[in-house]
Structure formats: structure tokens, C-alpha cells
Amino acid sequence: MPEPAIEVVLFDLGGVLFDFGGVQPMKSLSGIEHDDEIWRRWLGCRWVRTFERGSCSAEQFAEGVVGDWALPIAGADVLVREARNKVKVGCLSNTNALHWTDHENRWELLSAFDFRFLSFQMGYVKPDREIFDRTAQLLDRPRDRVLFLDDNAINVEGARAAGFHAMQAVGVDEARRCLMAVDLLPEG
């Protein structure tokens, strides 16, 4: 008997869609290996210079840097929007009000989510069963039709124990492979 079709994809944010925390992580995101080169590029970046002069918004800065540097977050935006063409999408993330406000104000990607399940708003955290049970209740769909992607194996195990279809994905490329594996995106 074939597996049921996925109706909803829930992404963890940190580790799956976002891995952006300052200049040092820019080395791995950009593929630049040497500190001197990353600093040269960072300090010469028109978006950094414009933002630090107070001449653009935080959102313009973030979108500009992501685009100019071809950072993986740009891939996250494309991935979420491609998935949204097939099914409902959302996030299920352990976060706090301070981090969420920062992300919400900087990343246009968050507007693509149909659902936002955030630990600080729900009063539960992953990998505890309660957060998955409450999420399932709010989604009002069969749990095995919800695909949950997280970079943390413990959270994936918690989601599976609660009946979700869950897969581990570290970064956008692995998340894309997971969506291809459940036939939500074409191989390619």
C-alpha cells in the first residue's frame, strides 16, 4: 500500500533554512576560506556600506547581501516557494520572542509560510511530544500527511514518535533532497 500523500511541509528554521549569524558564518555560506578575503569582501560590500550608513532598511540589507553573495538563504526562499506550489508550508521552530522578531523583520521568506508554530508562542519545545500534538491539532490533518524537516535527529525522532512523517535535513540542499524523496519536487 503506497504511503499517503504529503499535505503540509513544516520546516525547522535554524539549521535547515537559516544558518546566518554574522561575518564568521559567512565564510562557510560564501565558500570563502580565508579571513582576510571574507573581511575584504564584507567591508567592500555595497549593502554593508549602505546599511551601516543608515541608508537602507534591515530588510533591504539582508536581501541585498543574500542576493549579491548568492548565499544559501536565497535557496531557502526558492525551496519554500517551490514546495508551496504543491502543498501548504510552515515552520515549526524552537525560538524566543527576541530572535523571532529579528527574523520576522529581516527575512521576507517568512511571509511565504501558511503556518507558523513557534515554541515561545505555543508554550512547548521540541523534541517534547506536546509541541507535535498541539501542532497536529492546529493543522487538523492526518499526522502522516505532515512532513517535518529538522536538522536535529532528536527532534526528528520526537516528530516520528508523534506520528509525523519526519526527515533529518541539514541545510537547504538536504531539505530539497527530502522533498524530492517524497515526490514534492522533481529530481534535478
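Data block above holds the structure.
What comes next is a walk through the structure. (Residues numbered from 1 in each chain as written. Predicted model: local features only at pLDDT ≥ 70, side-chain atom pairs only at ≥ 80, totals over all residues. Heavy atoms only, no water.)

## Some words on the nonpolar core
Generally speaking, a soluble globular protein has its nonpolar side chains buried in company with each other. With 35 residues, the main nonpolar core has V9, F11, L17, F113, L149 and L179 as its most contacted residues. For this core, the secondary-structure elements that each account for two or more residues are β1 (8–11), α4 (58–69), α5 (72–84), β2 (88–93), β4 (146–150) and α10 (171–181). With five residues, α10 is the largest single contributor of residues to this core. (Core = buried A, V, L, I, M, F, W, Y, C linked by side-chain atoms within 4.5 Å. Buried < 20%, exposed > 50% of the residue type's maximum accessible area, 1.4 Å probe, protein only. Helix = DSSP H or I, 4+ residues; strand = E, 2+ residues; numbered from the N terminus.)

## Let's talk about the packing of aromatic side chains
All chains considered together, the criterion is met by three aromatic pairs. For the pair F115 and F117, a centre-to-centre distance of 5.9 Å together with 10° between the ring planes defines the contact as stacked. Residue class for F115 comes out buried when judged on its relative accessible area of 17%. Both rings, one in F132 and one in F164, keep their centres 5.7 Å apart while their planes meet at 65°; by these two values the pair is edge-to-face. One end of the pair, F132, is in helix α8 (residues 129–139); the other, F164, is in the loop between α9 (153–161) and β5 (165–168), and 32 residues separate them in sequence. For the pair F132 and F164, a shared accessibility class is recorded, and that class is buried. One aromatic cluster is present, built from ring pairs that chain together F132, F148 and F164. (Phe/Tyr/Trp six-rings, centres within 6.5 Å; stacked < 30°, edge-to-face > 60°.)

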